[in-house]
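These are the residues of each chain, in order.
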Amino acid sequence: MAKFLDKLLHYTTLISDHVWGWGPEFLGGFPLMVILLIGTGLVLTVVTGLVQVRRFFPATRLIMLGAARKDQSEQEQGDISPFQALMTALSATVGNGNIAGVATAIATGGPGAAFWMWVTAIFGMATKYGEAVLGVKYRRIAEDGTMSGGPMYYCQDGIGGTFGRSLGIMFAICGGITALIGTGNIFQSNSMAVAFNSQYNIPQWITGAVISTVTGLVIIGGIKRIGEVAGRLVPSMIILYFLGAIFVLILNAPEVPAAIALIFQSAFSPEAAFGAAVGIGIQQAVRFGVARGILSNESGLGSAPIAHGAARTKDPVRQGSIAMMGTFIDTIIVCSLTALVIVVTGSYNESIFMRGEEVGLTSTALTSEAFNRSLPSVGGLQLGGLIVSLGSFLFGLSTLIGWSYYGQQCAKYLFGIRIVKGYRVLFVVLLFLGSLLTGAHVQIVTNIGDIGNALMAFPNLIGLLFLTGIIRRLTLESYRKKESSIP
């Protein structure tokens, strides 16, 4: 088994390096996926007239109304409220990418990787907006009476023809596989199991068994139960993690300005910040910042419009405005807190970026180290480790619930409704198996997540670029309306 895992580690690393590898000279040496992801966000930012700025406060108001259950969506067509759609999408995005993913980005790309996560998020807000607009416009009613939306439908029906259908099929295949063995499943269960094992010596199989049972009980109820659970779980877990991180930053308040300065300096010149001995350049900071940013907020990945396509709404622009705030909450708020805690406490000095792969920390262990450095121990219990472990569990659980729905919808698009029950069972089984990976083989999980993300993002981004005109028309029409449906 060890030899098999060694080979799997080697090949997944090789494939991941090629997928996110450096482009030819005419691309300036930057990865094609980085250019495509940020480029699409830039295009949508321009054609929508800076939608992430113009609709920021109206979208915030919509979210507040939804949280108070005053969004008046009960009579509109769809399965869940607009707020529940956002929470379902956030349940899938605010996961261990915010804890383990950010730590991995800093461990492998240096503190500067956090800056490139921010850049990805700013343009990613426009991308997420465009995805949700198309997700609602091209959604359809499935065989079981529920709403089905996402890149497979807007590629097939929006672009049309063999090309559009091929993009839809490619996305559905990659999305279904990624949900089973990548970002939305194994990465989450493994991070959760590792967190509890490192902090409390709980065997990984026990954690795996618990989360498999809980996840199975939720997803068997379909999107309505998922929406209800997400609507309650996501706000609570974000507030809990937010308070813990803010407390650490308050305790280290004098160091915060220097930490922010270090992030910016490292983003553009790691050698200047840490010395040539670090042996890492700006391309590595960009690569890991963007890759981990996409792993976290999923802008351009094509997953979020699947959830937003189920919202009770008749206005694509309204739902798109709500959707883009998911990227802001996930990366600009939650990921930034993790990054600042790691940098401000000096824990990045213990990472593999500074100390080498054999002795340095990464993933959840690095985040736990950062929290433990500032928060006290009570009765032998590390409060920092408790916050990270509990956050890892809740974030991971919410992501598992959200991604089980994404994968299910991709499978249903390809094979019809008869595949749903079998897909749910397979999802839970692989969830448990993923929790058992240990040591260096944990990198296999991250590699699979990176590969799956790129393969999902490619057809989705092509579809978005082809349908930019539709997004622009709907957006400009909403700007021109005297009585817009957006408050």
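We now turn to the structure provided with this report. (Residues numbered from 1 in each chain as written. Predicted model: local features only at pLDDT ≥ 70, side-chain atom pairs only at ≥ 80, totals over all residues. Heavy atoms only, no water.)

Helix length check: helix H10 (residues 186-200) (15 residues) gives 21 Å between terminal C-alpha atoms against 21 Å at 1.5 Å per residue, within 8%. Buried within H10 we find Ile186, Phe187, Gln188, Ser189, Asn190, Ser191, Met192, Ala193, Ala195 and Phe196. Taken from the residues just after H10, Asn201 is the one with a positive phi, measuring 60°. (Helix = DSSP H or I, 4+ residues; strand = E, 2+ residues; numbered from the N terminus. Expected span 1.5 Å × (residues − 1). Buried < 20%, exposed > 50% of the residue type's maximum accessible area, 1.4 Å probe, protein only.)

Two elements in contact, helix H7 (residues 113-137) and helix H13 (residues 256-268), have axes separated by 7 Å at closest approach and are oriented at 85°. As far as their axial angle goes, H13 and H7 are roughly perpendicular. From H7, Ala114, Phe115, Trp116 and Trp118 reach across to H13, where they touch Ile263, Phe264, Ala267 and Phe268. Looking at the contact of H7 with H13, its residues break down into eight nonpolar, no polar and no charged. (Axes fitted to C-alpha atoms, helices over the stretch in contact; angles between N-to-C directions. Parallel < 35°, antiparallel > 145°, perpendicular 65-115°, else oblique. Contact = heavy atoms within 4.5 Å. Nonpolar A, V, L, I, M, F, W, Y, C, P; charged D, E, K, R; others polar.)

The final tally for this structure, using the stated rule, is twelve aromatic pairs. Where Phe163 meets Phe466, the ring centres are 5.3 Å apart and the plane angle is 55°; that geometry is what we call tilted. One end of the pair, Phe163, is in helix H9 (residues 161-181); the other, Phe466, is in helix H22 (residues 442-466), with 303 residues separating them in the sequence. Look at Phe163 and you get partly exposed, because its relative accessible area is 40%. Of the residues examined, Phe466 reaches a relative accessible area of 54% and is grouped as exposed. (Phe/Tyr/Trp six-rings, centres within 6.5 Å; stacked < 30°, edge-to-face > 60°.)

The next subject is the environment of Phe187. You can see Phe187 is positioned in helix H10. The exposure class of Phe187 is buried, given its relative accessible area of 5%. For the pair Phe187 and Gly101, spaced 86 residues apart in the sequence, the C-alpha separation amounts to 9.6 Å.

Here the focus is the packing of H10 against helix H20 (residues 383-415). The geometry of H10 relative to H20 is characterised by a closest axis approach of 9 Å and an angle of 160° between their N-to-C directions. Regarding the angle of H10 to H20, the classification is roughly antiparallel. Here H10 runs over H20; the crossing is left-handed. Here Gln188, Ser191, Met192, Ala195, Phe196, Gln199 and Tyr200 of H10 lie close against H20, whose contacting residues are Gly385, Leu386, Ser389, Ser392, Phe393, Phe395, Gly396, Leu397, Thr399 and Leu400. Of the residues belonging to the contact of H10 with H20, the class tally is nine nonpolar, eight polar and no charged. (Left-handed = near helix turned anticlockwise from the far one by under 90°.)

Fair warning: the whole summary comes from geometry, so function is off the table for now.
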